[in-house]
Number of protein chains: 2
Amino acid sequence: MLDSAKPIGVFDSGVGGLTVVRALMERLPHENIVYFGDTARVPYGVKSRNTIEEFTAQIVDFLLQNEVKALVIACNTIAAVAGKRVQQMAGNMPVLSVIEAGAQAALRTTQNNHIGVIATSTTVNSNAYARAIHAHNAATRILSQATPLLVPLVEEGWLDNEITRLTVREYLKPILADNIDTLILGCTHFPLLKPLIKQEAPNIELVDSSITTAEATAQSLAAANLLNTSGQSPDYRFYVSDIPLRFQTIGERFLGRSLEQIEMMRLG
Amino acid sequence: MLDSAKPIGVFDSGVGGLTVVRALMERLPHENIVYFGDTARVPYGVKSRNTIEEFTAQIVDFLLQNEVKALVIACNTIAAVAGKRVQQMAGNMPVLSVIEAGAQAALRTTQNNHIGVIATSTTVNSNAYARAIHAHNAATRILSQATPLLVPLVEEGWLDNEITRLTVREYLKPILADNIDTLILGCTHFPLLKPLIKQEAPNIELVDSSITTAEATAQSLAAANLLNTSGQSPDYRFYVSDIPLRFQTIGERFLGRSLEQIEMMRLG
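Computed from a predicted structure; not experimentally measured. (Residues numbered from 1 in each chain as written. Chains lettered and ligands numbered in written order. Predicted model: local features only at pLDDT ≥ 70, side-chain atom pairs only at ≥ 80, totals over all residues. Heavy atoms only, no water.)

Overview of the pattern of salt bridges
Argument step 1. For the coordinates displayed, the defined rule picks out 26 salt bridges over all chains.
Argument step 2. Measuring nitrogen to oxygen at the nearest pair gives 3.0 Å for the salt bridge that ties Lys6 of chain A to Asp3 of chain A.
Argument step 3. Residue class for Lys6 of chain A comes out buried when judged on its relative accessible area of 15%.
Argument step 4. Given a relative accessible area of 45%, Asp3 of chain A falls into the partly exposed group.
Argument step 5. Taking the shortest distance from any N to any O, the salt bridge between Glu215 of chain B and Arg27 of chain B comes out at 2.7 Å. (Salt bridge = Lys/Arg side-chain N within 4 Å of Asp/Glu carboxyl O. Buried < 20%, exposed > 50% of the residue type's maximum accessible area, 1.4 Å probe, protein only.)

Structure below.
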């Protein structure tokens, strides 16, 4: 098989990364995709660095065995904590990360150089967005807020709900007070809350890392001459380490279309 | 070592089971305790039955290697889904379960035979409380409500907070409408919400399964002549499969005292 016809490997601790798959399907409709979601051990955002690195290495091993041509880290926590490890394992293969893509998009968006980030505790504590942004512009001010309740609220499906609104308001209060003009949605669950967040922060530009990551993937594949030109209709495969109750429903909410060809694959 | 001097093995998917340990320490101050919390794979309440059974068997193996004299399932999800598996592995050893203890306490408490249960989705879907209660009294009416957001709210430490109050109110609405007089707190995280739940449901008796499980453990050990009479000060050991950020803080909130002698132990 030509390298360009090989699939893109996309992975996440659970189902959230399906928002990135959705954006990839729209931006790169000819690409084959293999997805891995570690639903048996989700969420990663509350675990230690060592544990996240170990679990991540197992996922990358699995995707490399599936002969992917590029890796997309569709989980902010993994990108924040184990991004380097993924790079090492990938060798010369393109590695895209929601954090790097989100950081660059935020820098292009901000006008006053005050950028907010909402993410899991582990992502915030890793300081990864600040490092990625400061590598390009050291003068940018970053305001980060850990928002651990937003993931379960999204998974509960309370996307347009008073409790979710109050929770978002509570979390945004300190960073809005600091005059940000751009807010990075630093978790793949959060794009589903965009309408509500826009109402609560009407003058702030939101950076949806699923869209920016799909765009960065398109550019990277083009630069490496790896865009799929086979002309065949694309193949999508979804592997998860567990298929719990309501998985299909929740997964389809993220993917925005019906979720087929799901296979269970235990790692570790 | 005399069997009676051996430790009680207590286990949970994470830190919530420490509320049961706390109740055991108070009710049985002479007992040695070994605790296992599967913090690398928490939460179980969103995973499939097969996965929960597999993870549970690994925990029980570990505790049996530690020569425990009794097993206390300090996790409603595990008790609901894998209780039988634990029984099989335990042989003749006493096995106590938050569900059996909670069911019996609720039956002693209710006067109108309308019992409510709040728990994780997996516990509710397993129907385990209804089965345990109906085994004693088939005429009891059980109203169950899955309350997946309460675990992350407790772990966020929002114990006395307007958002938590609204969430509790939303979840309790349908079961309060059904005229229950007794509510089982069907998750080891929920005892920390007792003050708030009492305010939202002032006329309802709350069944705190940590206390009822400690009481059932005391009776079971006495009946089996296994109460520790060595007279030595008790030994407490805490094993977890991951030690994430803020673990100590969150753990101590559940245990109600300082958490020492924590060791990390990866399973599977």
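Notes on the packing of helix 4 (residues 98-109) of chain B against helix 6 (residues 128-136) of chain B
All names here are of chain B.
Argument step 1. At a minimum axis distance of 9 Å, the contact between helix 4 and helix 6 shows a crossing angle of 50°. Judged by the angle between their axes, helix 4 and helix 6 are oblique. Crossing of helix 4 over helix 6 shows right-handed handedness. When helix 4 is examined against helix 6, the residues Val98, Ile99, Glu100, Gly102, Ala103, Gln104 and Leu107 are found in contact with a partner set consisting of Ala128, Tyr129, Ala132, Ile133 and His136.
Argument step 2. For the contact of helix 4 with helix 6, the residue count by class is 8 nonpolar, 3 polar and 1 charged. (Axes fitted to C-alpha atoms, helices over the stretch in contact; angles between N-to-C directions. Helix = DSSP H or I, 4+ residues; strand = E, 2+ residues; numbered from the N terminus. Parallel < 35°, antiparallel > 145°, perpendicular 65-115°, else oblique. Left-handed = near helix turned anticlockwise from the far one by under 90°. Contact = heavy atoms within 4.5 Å. Nonpolar A, V, L, I, M, F, W, Y, C, P; charged D, E, K, R; others polar.)

Comments concerning the relation of the copies chain A and chain B
Argument step 1. In screw terms, the move from chain A to chain B is a rotation of 180° and a rise of 0.0 Å along the axis, fitting with an RMSD of 0.0 Å. The transformation relating the two chain copies, once decomposed into turn and shift, fits a two-fold axis. Of the C-alpha atoms belonging to chain A, the one lying closest to the rotation axis is found on Arg41 of chain A, 2.3 Å away.
Argument step 2. A share of 100% of interface residues in chain A that are also interface residues in chain B marks the association as one of identical surfaces. (Least-squares fit on C-alpha atoms with pLDDT ≥ 70 in both.)

Quick notes on helix 1 (residues 18-27) of chain A
Argument step 1. Most of helix 1 of chain A is tucked away, with 7 of its 10 residues classed as buried.
Argument step 2. All of the buried residues along helix 1 of chain A are Leu18, Thr19, Val20, Val21, Ala23, Leu24 and Met25 of chain A.

Brief notes about the side chain of Thr188 of chain A
Argument step 1. Note on placement: Thr188 of chain A falls in the loop between strand 7 (182-185) and helix 9 (194-200).
Argument step 2. Reaching out from Thr188 of chain A, the side chain makes a polar contact with the backbone oxygen of Gly16 of chain A at a distance of 3.4 Å. (Polar contact = N/O pair within 3.5 Å; in protein donor to acceptor, adjacent residues only side chain to side chain.)

Concerning the domain arrangement of chain A
Residue and element names in this part refer to chain A.
Argument step 1. We note that the domain assignment places domain 1 (3-97 + 211-264) and domain 2 (99-209) within chain A.
Argument step 2. Averaged C-alpha coordinates put domain 1 and domain 2 at centres separated by 22 Å.
Argument step 3. Listed per partner, the contact involves 28 residues of domain 1 and 28 residues of domain 2.
Argument step 4. When domain 1 packs against domain 2, close to 1800 Å² is buried across both sides, 54% of that on carbon and sulfur atoms.
Argument step 5. In terms of surface lost to domain 2, no three residues of domain 1 exceed Asn76, Thr212 and Arg253, which account for 31% of the buried area on that side.
Argument step 6. Linking domain 1 with domain 2 are 0 salt bridges, by the criterion used here.
Argument step 7. Counting only elements with at least two residues in the side of domain 1 that touches domain 2, the list comes to helix 1, helix 2 (49-65), helix 3 (76-90), helix 10 (209-223) and helix 11 (247-255).
Argument step 8. Per-element tally for the side of domain 1 that touches domain 2: the top contributor is helix 3, with 5 residues. (Domains from an automatic or database assignment. Buried area = accessible area lost by both parts, 1.4 Å probe.)

Some points on the packing of helix 2 of chain A against helix 3 of chain A
Residue and element names in this part refer to chain A.
Argument step 1. Across the interface, helix 2 lies against helix 3 with an axial gap of 9 Å and an inter-helix angle of 50°. The angle between helix 2 and helix 3 falls in the class oblique. As helix 2 runs across helix 3, the sense of the crossing is right-handed. Residues Arg49, Ile52, Glu53, Thr56, Ala57, Val60, Asp61 and Leu64 of helix 2 lie in contact with helix 3, whose contacting residues are Thr77, Ile78, Val81, Ala82, Arg85, Val86 and Met89.
Argument step 2. Among the residues making up the contact of helix 2 with helix 3, the classes are represented as 9 nonpolar, 2 polar and 4 charged.

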